[in-house]
Amino acid sequence: MTDQTLLILGASGDLTARLLLPGLGKLLELGGAKDIALVGSGMDDWGDEQWRDRVRTAFGRDDPIDARYLRADVTNGDDLERLLGACHGEIVIFFALPPSVTAKACAALRDVGLPPGTRLVLEKPFGVDEKTAHALNALLVQLVPEARIHRVDHFLGKSTVLNILGLRFANRIFEPVLNNQHVESVDIVFDEDLGLESRAGYYDGAGALVDMIQSHLLQILAMLAMDAPPSLEAHEFRDSKAQVLRATHVWGDDPRAASRRARYTAGTIGDRSLPSYADEPGVDPARGTETLAEVVLAVDTWRWAGVPFRLRSGKAVGNRRKEAVVTFKPAPWVPTGLTGPDRPDRLRILFSPDRLELDLDINGPGDPFVLDPVTLGSDFGPGDLPPYGEVLRGVLDDDPTLSVRGDTAEMCWHIVQPVVDAWRAGEVPLQEYPAGSAGPADSLLPG
């Protein structure tokens, strides 16, 4: 790996401390990113030692890394020139910033100019709608070539999500039946029992649809629905994902019938009492931000036409559920004389814990003519790196495979834009559910 500087804009923020630096620390521990310097920048009036303390805390050890901190306004051209002057070797700029600030910083960098070989790393959400995503893409390619723009979706660095590729394409038993001839529905769910957790500054302007479905869950859909690429080279892998997303749209093109939104009210989860979302510090109740979103999508390809893909994400949900579930159609005929539960076969890919399960009906241990449900399961082995470590490895190796391509980022907005528009127009009511419950009563997903 060549001599590089990782310049983190927004170094004093939560994202840097909680995810970015621990991922970098693990990458360094495993021998990656050997010749790298670390420059942090933010509006906080820190010095080098305070920044190094944050780095040491995140790494969990005292690594001999060249770490410096410079206070700067990243939307100011003079300050950006000063930051770039503190870097050496190839520069990787990580925008750990809100979308609006990122766009302003990029506009300022256009006037400053960037050294050859510079890479840009942007967090989601990429823009705030389809129009702003397109405008940001147009700005970025004025700074560096598309191949050097890394739009981060850390779900693509999760070992379980990457295991979808091996599960589908290295096992003859599954791939022939993953199509509309055999599959009834696909559910991709990320329900968590956590509430807002002091993230109002970001979350109240995003909500569950943008925070999870528009980004992470659509990437999982693409992995589950795409045809096998010839290889996992970046251009072939990302072409296959893009092809699926181009064919994806709201079920029936009716966001009123194919989407739900809700936010939690006061309730209890275990021994924790949560206030109503509207009463959380920093929340503007008038915004009507949803904490639970559901969308049903169609993937109009030869393989998947007619199969509903139901995506859901919610906060403060009592039944913590993070999984992709493929529900198969019933057997065309069960011989007379076999009795038992009428449960469909299901393939479950669990993201927490990392596990694979297959629900089947087999002859039970008692009466051999009575079918009993059984679940076959296997734990996925953990990856060597946490998701942000995996993403950073790709960035520092200049490998865009796990980065979201510009056209794909716009496609994801295009898919959900009818839902966004319908919600803004008040065509889909904002429902409520008590914290600790299963969510709204008329969920689009089966219980």
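Here the structure is a predicted model, which means the values were calculated and not measured.

### Examining the packing of helix H4 (residues 99–112) against helix H5 (residues 130–140)
Part 1 of the argument: In contact at an axis separation of 10 Å, H4 and H5 are set at 30° when each is read in the N-to-C sense. What the angle tells us is that H4 and H5 run roughly parallel. For the element pair H4 and H5, the recorded crossing hand is left-handed. In this structure, H4 contributes Ala103, Cys106, Ala107 and Arg110 to the contact, and H5 contributes Leu136, Leu139 and Leu140.

### Structural notes on the packing of aromatic side chains
Part 1 of the argument: Taken as a whole, this structure holds six aromatic pairs when the rule is applied.
Part 2 of the argument: Residues Tyr203 and Tyr277 carry aromatic rings whose centres are separated by 6.4 Å and whose planes lie at 70° to one another, so their mutual orientation is edge-to-face. Of this pair, Tyr203 sits in helix H7 (residues 200–203) while Tyr277 is found in the loop between strand E11 (272–274) and strand E12 (292–299), placing the two residues 74 residues apart along the sequence. Of the two residues examined, Tyr203 and Tyr277, each falls in the buried class.

### What to know about a nonpolar patch on the surface
Part 1 of the argument: A surface patch of nonpolar side chains, amounting to about 250 Å² of accessible area, comprises Val334, Leu338 and Phe369.
Part 2 of the argument: For Val334, the location among the structural elements is in the loop between strand E14 (321–328) and strand E15 (346–351).

### Section: the side chain of Asp187
Part 1 of the argument: Among the secondary structure elements, Asp187 is positioned in strand E7 (residues 183–191).
Part 2 of the argument: With relative accessibility at 4%, the residue Asp187 sits in the buried group.
Part 3 of the argument: At a separation of 2.6 Å, a polar atom in the side chain of Asp187 contacts the side chain of Arg310.

### Observations concerning the packing of helix H6 (residues 159–169) against helix H8 (residues 207–225)
Part 1 of the argument: At their nearest, the axes of H6 and H8 sit 9 Å apart, and the two run at 10° to each other. Relative to H8, the element H6 lies roughly parallel. Contact residues: H6 offers Val161, Leu162, Ile164, Leu165 and Arg168, while H8 offers Ile220, Met223, Leu224 and Ala225.
Part 2 of the argument: Of the residues that constitute the contact of H6 with H8, the class distribution is eight nonpolar, no polar and one charged.

### Quick notes on the pattern of salt bridges
Part 1 of the argument: Taken as a whole and judged by the stated rule, the model has 31 salt bridges.
Part 2 of the argument: Where Asp191 meets Arg312, a salt bridge forms, and the shortest distance between an N and an O atom there is 2.9 Å. With Asp191 in strand E7 and Arg312 in strand E13 (residues 309–314), the pair connects residues that are 121 residues apart, well separated along the chain. With respect to burial, Asp191 and Arg312 carry one shared label: buried.
Part 3 of the argument: As a salt-bridge pair, Glu192 and Lys315 come within 2.8 Å of each other at their nearest N and O atoms. With Glu192 in the loop between E7 and H7 and Lys315 in the loop between E13 and E14, this pair connects stretches of sequence that are 123 residues apart. The same class applies to Glu192 as to Lys315, namely buried.
Part 4 of the argument: The structure contains a network of salt bridges with shared partners spanning Glu90, Arg119, Arg148 and Asp398.

### Observations regarding unusual backbone geometry
Part 1 of the argument: Although it is not a glycine, Ser198 sits at a positive phi angle of roughly 60°.
Part 2 of the argument: Mapped onto the elements of the fold, Ser198 is located in the loop between E7 and H7.
Part 3 of the argument: Even without being a glycine, Asp253 presents a positive backbone phi close to 50°.

### Description of the nonpolar core
Part 1 of the argument: Core analysis: the biggest nonpolar cluster contains 111 residues, and Ile93, Phe95 and Phe309 have the highest contact counts within it.
Part 2 of the argument: The element contributing the most residues to this core is H8, with 13 residues.
Part 3 of the argument: One finds Leu15, Leu28, Trp46 and Phe59 within the second-largest nonpolar core, a separate group that totals 30 residues.

### Comments concerning H8
Part 1 of the argument: With 19 residues, H8 should cover 27 Å at 1.5 Å per step; its first-to-last C-alpha distance of 26 Å lies within 8% of that length.
Part 2 of the argument: At Ile213, H8 shows its strongest bend, of approximately 40°.
Part 3 of the argument: Most of H8 sits out of view: 19 of its 19 residues are buried.

### Looking at the sheet that holds strand E3 (residues 66–71)
Part 1 of the argument: Judged by pairing direction, the sheet is mixed, and its seven strands sit side by side in the order E3-E2-E1-E4-E5-E6-E18 without closing on themselves. Edge strands, defined here as strands with exactly one partner in the open sheet, are E3 and strand E18 (403–404).
Part 2 of the argument: Its contacts with the sheet put helix H2 (residues 48–59) on strand E1 (4–9), strand E2 (36–42) and E3, and the angle it makes with E3 is roughly 125°.

### Structural notes on helix H11 (residues 406–424)
Part 1 of the argument: The end-to-end C-alpha separation of H11 is 25 Å, in line with the 27 Å expected for 19 residues at 1.5 Å each.
Part 2 of the argument: The largest bend in H11 amounts to roughly 45° and is located at Val416, with the proline Pro418 lying one to four residues further along.
Part 3 of the argument: Once H11 ends, the next one or two residues include Gly426, with phi positive near 75°.

About the criteria used
- Residues numbered from 1 in each chain as written.
- Predicted model: local features only at pLDDT ≥ 70, side-chain atom pairs only at ≥ 80, totals over all residues.
- Heavy atoms only, no water.
- Axes fitted to C-alpha atoms, helices over the stretch in contact; angles between N-to-C directions.
- Helix = DSSP H or I, 4+ residues; strand = E, 2+ residues; numbered from the N terminus.
- Parallel < 35°, antiparallel > 145°, perpendicular 65-115°, else oblique.
- Left-handed = near helix turned anticlockwise from the far one by under 90°.
- Contact = heavy atoms within 4.5 Å.
- Phe/Tyr/Trp six-rings, centres within 6.5 Å; stacked < 30°, edge-to-face > 60°.
- Buried < 20%, exposed > 50% of the residue type's maximum accessible area, 1.4 Å probe, protein only.
- Patch = residues over 30% accessible without salt bridge, like charges linked within 9 Å, V, L, I, M, F, W, Y side chains within 5 Å.
- Areas by Shrake-Rupley, 256 points an atom, 1.4 Å probe, with all protein chains shown as cover.
- Salt bridge = Lys/Arg side-chain N within 4 Å of Asp/Glu carboxyl O.
- Polar contact = N/O pair within 3.5 Å; in protein donor to acceptor, adjacent residues only side chain to side chain.
- Nonpolar A, V, L, I, M, F, W, Y, C, P; charged D, E, K, R; others polar.
- Core = buried A, V, L, I, M, F, W, Y, C linked by side-chain atoms within 4.5 Å.
- Expected span 1.5 Å × (residues − 1).
- Bend = angle between axes of the 7 residues up to and from the residue.
- Pairing = 2+ DSSP bridges.

On their own, these measurements won't tell you what the molecule is for.
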